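A structural walkthrough
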Amino acid sequence: MRNRIYNWNVDFEVFIKSTSQNIWQIISKEGNLEYFHPFCQKNISQRWGKAAHEDEIKYLNGLIFKRKIVRWIDNVGYDLYINQVGKPASFVSWRLSPEGDNSKISITVYPYLFNNGLKIINLIPFVFIVEPLLKSYLKSVLYGLRLYAEKDVSIKPNQFGKHIWFS
């Protein structure tokens, strides 16, 4: 479904000086975003267990988004849909891989915004608005995860700078 509707994506990856098992423990933990996400005020679980994983993110600016994980791969990652109530969902994929004693983690987002309908009309807003703002967002989230995993330091609000959509 996602590739037919949302085929443009934005991704970012970082290398972390920590084992993939340690990173997996962090990102699979209930409420995990509160530890490393610089724009997350609260990460509230709705359901978090073997059968289902659903939560909400309350951003610093008060916006609330729901996440529903649709594919969970132990020690590798997960795929989810995320949306603000009443708005279309974007598809997101988190992937983790070992790199010796270190790890590589990536987040790929297939955003709904300017990613359906006539591509020729949406190309300029996607490339010049959505892509750079989303890349900046992903960079901050993964830098927060890296700092938390390597130094065991919780991230401060807007630690890597404010974001126009979520701060």
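Heads up: the structure comes first, above all this text.
Residues numbered from 1 in each chain as written. Predicted model: local features only at pLDDT ≥ 70, side-chain atom pairs only at ≥ 80, totals over all residues. Heavy atoms only, no water.

Comments concerning the packing of helix α2 (residues 20-27) against helix α4 (residues 119-151)
The cut-off we apply is this: Axis geometry follows a simple rule: fit a line to the C-alpha atoms, using only the stretch in contact for helices, then measure angles between N-to-C directions, giving values from 0 to 180 degrees. Strands here are runs of E lasting at least two residues and helices are runs of H or I lasting at least four, both read from the DSSP assignment and numbered beginning at the N terminus. The sense of a crossing depends on the near helix, which, turned anticlockwise from the far helix by less than a right angle, makes the crossing left-handed and, turned clockwise, makes it right-handed. Residue contacts are defined here by distance: any two heavy atoms, one from each residue, within 4.5 Å place the two residues in contact. Put simply, Ala, Val, Leu, Ile, Met, Phe, Trp, Tyr, Cys and Pro go in the nonpolar bin, Asp, Glu, Lys and Arg in the charged bin, and everything else, Gly too, in the polar bin.
It is at 11 Å that the axes of α2 and α4 come closest, and there the two elements cross at 120°. Crossing handedness for the pair α2 and α4: right-handed. Facing α2, whose interface residues are N22, I23, I26 and I27, α4 presents L145, Y148 and A149. Taken together, the residues of the contact of α2 with α4 sort by class into six nonpolar, one polar and no charged.

Side note on the sheet that holds strand β1 (residues 10-16)
Where we set the bar: Between any two strands, pairing holds if DSSP finds at least two bridges.
The seven strands are arranged β1-β7-β6-β5-β4-β3-β2 in an open sheet whose pairing can be described as antiparallel. For this open sheet the edge positions go to β1 and β2 (40-48), each flanked by a neighbour on one side alone. Across the sheet, the axes of successive neighbouring strands diverge by a mean angle of 20°, strand direction being ignored. Where β2 and strand β3 (residues 53-59) come together, seven bridges link them in antiparallel fashion. Within the sheet, the bridge partner assigned to R47 lies in β3 and is E54. Against the sheet, α2 makes contact with β1, β4 (64-73), β5 (77-84), β6 (90-99) and β7 (102-110), and its axis sits at roughly 150° relative to β6, the strand it touches most. α4 rests against β1, β3, β6 and β7 of the sheet, and its axis sits at about 20° to β1.

Details of α4
Quick note on the threshold: Consider a residue and the seven residues that end there alongside the seven that start there; fitting an axis to each set, the bend is the angle between those axes.
The principal kink in α4, of about 50°, is found at F126. Two residues or fewer past α4, D152 is found with a positive phi of approximately 55°.

Section: the packing of aromatic side chains
Counted only if it meets this: Stacked, tilted and edge-to-face are the three classes assigned to paired rings of Phe, Tyr and Trp, where Trp is represented by its six-membered ring and a pair needs centres within 6.5 Å; plane angles under 30 degrees give stacked, over 60 edge-to-face, the rest tilted. Only protein chains enter the accessibility calculation, which uses a 1.4 Å probe; a residue whose area is less than 20% of its type maximum is buried, one above 50% is exposed, and one in between is partly exposed.
The tally for this structure, following the rule as stated, stands at 19 aromatic pairs. On the basis of an interplanar angle of 20° and a centroid distance of 5.8 Å, the ring pair of F39 and Y137 is categorised as stacked. Placement of F39 in the loop between α3 (33-36) and β2 and of Y137 in helix α4 is noted, with a sequence separation of 98 residues between them. The two residues F39 and Y137 agree in class, both being buried.

A look at α2
An α-helix turns once per 3.6 residues; consequently, residues spaced three or four apart project the same way. What counts here: In this context, the arc is that of the directions from the helix axis out to the C-beta atoms.
Buried residues of α2: S20, I23, W24, I26 and I27, and no others. For α2, the buried positions fall inside an angular range of 160° around the axis, keeping them on one side. Exposed side chains of α2 directed beyond 90 degrees from the buried face belong to Q21 and Q25.

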